[in-house]
There are 2 protein chains.
Amino acid sequence: MKHIFLIGAGRSATTLIQYLLRHAIECDWHLTVGDISLALAQRKVAGHERGTAIAFDVNDADQRRDLIAKADIVVSMLPAHMHFDVARECVELGKHLTTASYISKEMRSLHEAAISKGLTLLNEIGLDPGIDHLSAMHLLDSIRAKGGHIEHFESFCGGLVAPESDDNPWNYKFTWNPRNVVLAGQGGAVKFLHNDRFKYIPYHKVFRRTEAIAIEGHGKFEGYANRDSLSYREAYGLLDAHTIYRGTLRRPGFSRAWNAFVELGATDDSYIMEGSEQMTHRDFINSFLPYSIRDSVELKVAHYLKLDQDDDLMTKLEWLGIFSNEKVGLKNATPAQILQSILEKKWSMHATDKDMIVMWHKVGHVINGQKTVTESSMVVIGDDEENTAMAKTVGLPLAIATRMILEGRITQRGVLLPVAADIYLSVLSELAINGLSFTEKTYDVEEFNT
Amino acid sequence: MKHIFLIGAGRSATTLIQYLLRHAIECDWHLTVGDISLALAQRKVAGHERGTAIAFDVNDADQRRDLIAKADIVVSMLPAHMHFDVARECVELGKHLTTASYISKEMRSLHEAAISKGLTLLNEIGLDPGIDHLSAMHLLDSIRAKGGHIEHFESFCGGLVAPESDDNPWNYKFTWNPRNVVLAGQGGAVKFLHNDRFKYIPYHKVFRRTEAIAIEGHGKFEGYANRDSLSYREAYGLLDAHTIYRGTLRRPGFSRAWNAFVELGATDDSYIMEGSEQMTHRDFINSFLPYSIRDSVELKVAHYLKLDQDDDLMTKLEWLGIFSNEKVGLKNATPAQILQSILEKKWSMHATDKDMIVMWHKVGHVINGQKTVTESSMVVIGDDEENTAMAKTVGLPLAIATRMILEGRITQRGVLLPVAADIYLSVLSELAINGLSFTEKTYDVEEFNT
């Protein structure tokens, strides 16, 4: 019997745990689920005969070492910055590891040691990063196999609310970590490549430089640039592509409205605001506006952002309750923390709401001088509150890859991205069986860039 | 004979060195001027019988210790972050110290040790910080002495080009460290107090929230907010003032035009641009704009910044040569470094140009319910290329304070700001003798804030 030690039983782990338990008898596995909350781990294991739920604190070095030592593979759903202690011990103790997180510098430093011990530390095998790598590499390799030369690459992904649960003027709700949504785009200028020209966008313009995207059967979206468009240039074999652009999807109008908060300075996470506990929503917004003895906060916002009084952006802002006299009620909070708490009052999912994941690639290639575009898209709707589209799309690829390693079907060693054909072909075909598949359309063009 | 060891013979040290040499015989001093450039130190000492010029490297610990040990007082004109080693050794070896720099955390940590050794480490005794403290405290204390209660405090300072040398559409030239001008406003949100409300301005809005200021006989100015408006709240005794605002002065229109660079992202110092060496000015600006197969960089800038084609901001930008095909010629440079090099081609002072320092305070007080405003301003024009207004206004207060310490006229010990009456009264009166004085005007108002 093989032992799997899974760390973290939160929202994104539901489908992952279900998959591993569903195949536990057939594959002769035992799954131990550790979470700081025993109750949460127990609820997810649900008394399965091949499952054990335990209270687990990653900072308890003895417990951590014991549990890793007993496992054949470790699946870490910890926050990205907490993986390293686990990864280091996996290498020491000779265990494989899978995660859905970006490869950090520390993680990468284990590459040689993992190879020499015959271990696979497979990362970025969730949704984004994860399915984006699998599907992009599949598409790129297929085109290359036909003799196409890739000149243009765009890739977007977004976690949204499903159309049937979309009942607010932002066409948006928090379907995963709200803090990441509030801080999106911060931490340095965006960099991408457009027709061989390096382009840079400062944070306060990221949400004003969007691209309109339509996906048949699912309507219109808009994409804003991710900071890291060029980081996979080499891994994807795109060093001679002319355009590389990666981004995040929202429904049209979201970014322009979100930019109101950026312009105000309300997404800043670098300082504590004075008196945040006693502050109302209205006071919060007013802190970013010029003092006036007579003008309303509403008019000052409209003027500051150069908006007409009847601009629908004003409707969006009013709907969020940012002008209300409700208390913020957070002590020693940053603007970003206060904004998040205001947004959570309105953008939280109801028990019956469903989420939606949208992924979209646009690849331009040339064969014999003919320029052709392939658009490839995947849309996944959540089943319910527990089995969200996010949980499915993050959990399934991670579960499938974990199984492949246990079954000896992934033989590459070291700290890996899932960009090799033997990985993406197997994972994508099993995802398709589980209803997660891509739709392609292809058409010829005169120019990739206009 | 007392020994003064002065470190740094750069542009701002000219007047300082002249003053100390001029009084050297009468006061029985010897002045040693150390600079990394021996030639520069020699030129400034100019063979004076009471002066010695030496090549001095602050990183040479032995030389540093030797020279400090021989001195009675050290005057450090080093960049702010390089003071600490000198300050620490001054305390160890029992020497006084004066600087024109902001008190750093490290500097502050020497306070108790300096007191116990009977030493004065007087900082922020240049122009800004320096004369701003002296003149503000003099004004505030005078009003308090008459029974006035201070409710409103504004203080601005700017290094500008003198009217007779002002020959460009920006009404601006670099009269001190250009890098500080390019990076102005960065590093965190602006915070100030306006009618008891804390107000915050994000970086990309700092240059759009200016205040119009007129000074009789000198025309109009505008002020943008400094990041640190509240840092002297306690030192100035302003804990119960309703409005506190500190800022930087420019000629009207500068800030709106400068904001074009902020909006583009051209002042970012956090990343290296690809291919900066081969880049033209035009390429540089185009890197921040959307790709277009047909549109000109000029039109893209106008559109991005929502400018009419005949907006005088476009004239300002064109005058700077930012659309030219001239090479940047800097290797591995950040946007801020490239922008600085482009600006230096146009904004450098000619040999015959004169600079101008403008300082302005606006203080509102109440006596028996009557609200009164006092405006106090100082305008200093440079004599020539060497004896600039900047050198005079930075160097004279530092020189005078150094003399006062040597003569035993400053008895306060520890790490000090020049806010005590015995310091500001003496320094201000000697500044006035040297032509650096303030003009006041007073008028009654209904409200301080409108």
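Everything that follows concerns the structure shown earlier in this document.
Everything numeric in this text was worked out from a predicted model, so none of it was measured.

Right, let's talk about the relation of the copies chain B and chain A for a bit. After a rotation of 180 degrees and a shift along the axis of 0.0 Å, chain B superposes on chain A with an RMSD of 0.0 Å. Classification of the inter-copy transformation places it as that of a two-fold axis. Considering only C-alpha atoms, the part of chain B nearest the rotation axis is B:His204, at 3.6 Å. Mapped onto chain A, 100% of the interface residues of chain B are again interface residues, and the two copies thus contact each other with one and the same surface.

All names here are of chain A. Counting through the fold element by element, histidine 365 comes out in strand β13 (residues 355–367). Classification of histidine 365 as buried rests on a relative accessible area of 7%. In this view, histidine 365 contacts Ile143, Gly148, His149, Ile150, Glu151, Gln370, Lys371, Thr372, Thr374 and Phe448; residues no more than four positions away in its chain are not counted.

Residues and elements named next belong to chain B. If you walk through the whole model with that rule in mind, you get 43 aromatic pairs over all chains. Pairing phenylalanine 254 with tryptophan 258 gives two aromatic rings, centres 6.1 Å apart and planes at 5 degrees, and the pair type is stacked. Here phenylalanine 254 pairs with tryptophan 258, and both are found in helix α11 (residues 254–264), just 4 residues apart, close to one helical turn. Classification of tryptophan 258 by relative accessible area gives buried; the value is 1%.

Before going further, it helps to examine the interface of chain B and chain A. With 32 residues of chain B at the interface, the matching set in chain A holds 33 residues. Three residues, B:Tyr200, B:Glu274 and B:Tyr291, lead the burial of chain B against chain A; their summed loss comes to 24% of the area buried on that side. At the surface where chain B touches chain A, the tally comes to 4 salt bridges. With a shortest N-O distance of 2.5 Å, B:Lys191 and A:Glu274 are connected by a salt bridge. Here chain B is connected to chain A by 22 residue pairs in polar contact (both at pLDDT 80 or more).

Below, the discussion takes up helix α16 (residues 389–406) of chain A. Residue and element names in this part refer to chain A. With 18 residues, α16 should reach 26 Å at 1.5 Å per residue; the first-to-last C-alpha distance of 26 Å fits that figure. Along α16, the largest kink reaches about 25 degrees and is centred on glycine 395; proline proline 397 follows within four residues of it. With respect to burial, α16 is a largely interior element, 18 of its 18 residues being buried.

Further remarks concern the packing of helix α4 (residues 61–70) of chain A against helix α5 (residues 83–93) of chain A. Residues and elements named next belong to chain A. Where α4 meets α5, the axes come as close as 10 Å, and the angle between the chain directions of the two elements is 50 degrees. Regarding the angle of α4 to α5, the classification is oblique. In the packing of α4 onto α5, the handedness of the crossing is right-handed. Along the contact surface, α4 presents Ala61, Arg64, Arg65, Ile68 and Ala69, while α5 presents Asp85, Val86, Arg88, Glu89, Cys90, Glu92 and Leu93. Of the residues contributing to the contact of α4 with α5, the split by class is 6 nonpolar, no polar and 6 charged.

All names here are of chain A. The N-to-C vectors of helix α11 (residues 254–264) and helix α15 (residues 335–347) enclose an angle of 140 degrees; their axes lie 12 Å apart at closest approach. The chirality of how α11 crosses α15 is right-handed. When α11 is examined against α15, the residues Phe254, Trp258 and Phe261 are found in contact with a partner set consisting of Leu339, Leu343 and Trp347. Taken together, the residues that form the contact of α11 with α15 break down as 6 nonpolar, no polar and no charged.

The next thing to look at is a negative patch on the surface. All names here are of chain B. Side chains of Asp57, Asp60, Asp62 and Asp66 sit close together on the surface and give a patch of like negative charge. Its location among the elements puts aspartate 62 in helix α4 (residues 61–70). A relative accessible area of 63% places aspartate 62 in the exposed class.

Procedures and definitions
Residues numbered from 1 in each chain as written. Chains lettered and ligands numbered in written order. Predicted model: local features only at pLDDT ≥ 70, side-chain atom pairs only at ≥ 80, totals over all residues. Heavy atoms only, no water. Least-squares fit on C-alpha atoms with pLDDT ≥ 70 in both. Contact = heavy atoms within 4.5 Å. Helix = DSSP H or I, 4+ residues; strand = E, 2+ residues; numbered from the N terminus. Buried < 20%, exposed > 50% of the residue type's maximum accessible area, 1.4 Å probe, protein only. Phe/Tyr/Trp six-rings, centres within 6.5 Å; stacked < 30°, edge-to-face > 60°. Buried area = accessible area lost by both parts, 1.4 Å probe. Salt bridge = Lys/Arg side-chain N within 4 Å of Asp/Glu carboxyl O. Polar contact = N/O pair within 3.5 Å; in protein donor to acceptor, adjacent residues only side chain to side chain. Expected span 1.5 Å × (residues − 1). Bend = angle between axes of the 7 residues up to and from the residue. Axes fitted to C-alpha atoms, helices over the stretch in contact; angles between N-to-C directions. Parallel < 35°, antiparallel > 145°, perpendicular 65-115°, else oblique. Left-handed = near helix turned anticlockwise from the far one by under 90°. Nonpolar A, V, L, I, M, F, W, Y, C, P; charged D, E, K, R; others polar. Patch = residues over 30% accessible without salt bridge, like charges linked within 9 Å, V, L, I, M, F, W, Y side chains within 5 Å. Areas by Shrake-Rupley, 256 points an atom, 1.4 Å probe, with all protein chains shown as cover. Lys, Arg positive; Asp, Glu negative; His and termini not counted. Charge placed at Lys NZ, Arg CZ, Asp CG, Glu CD.

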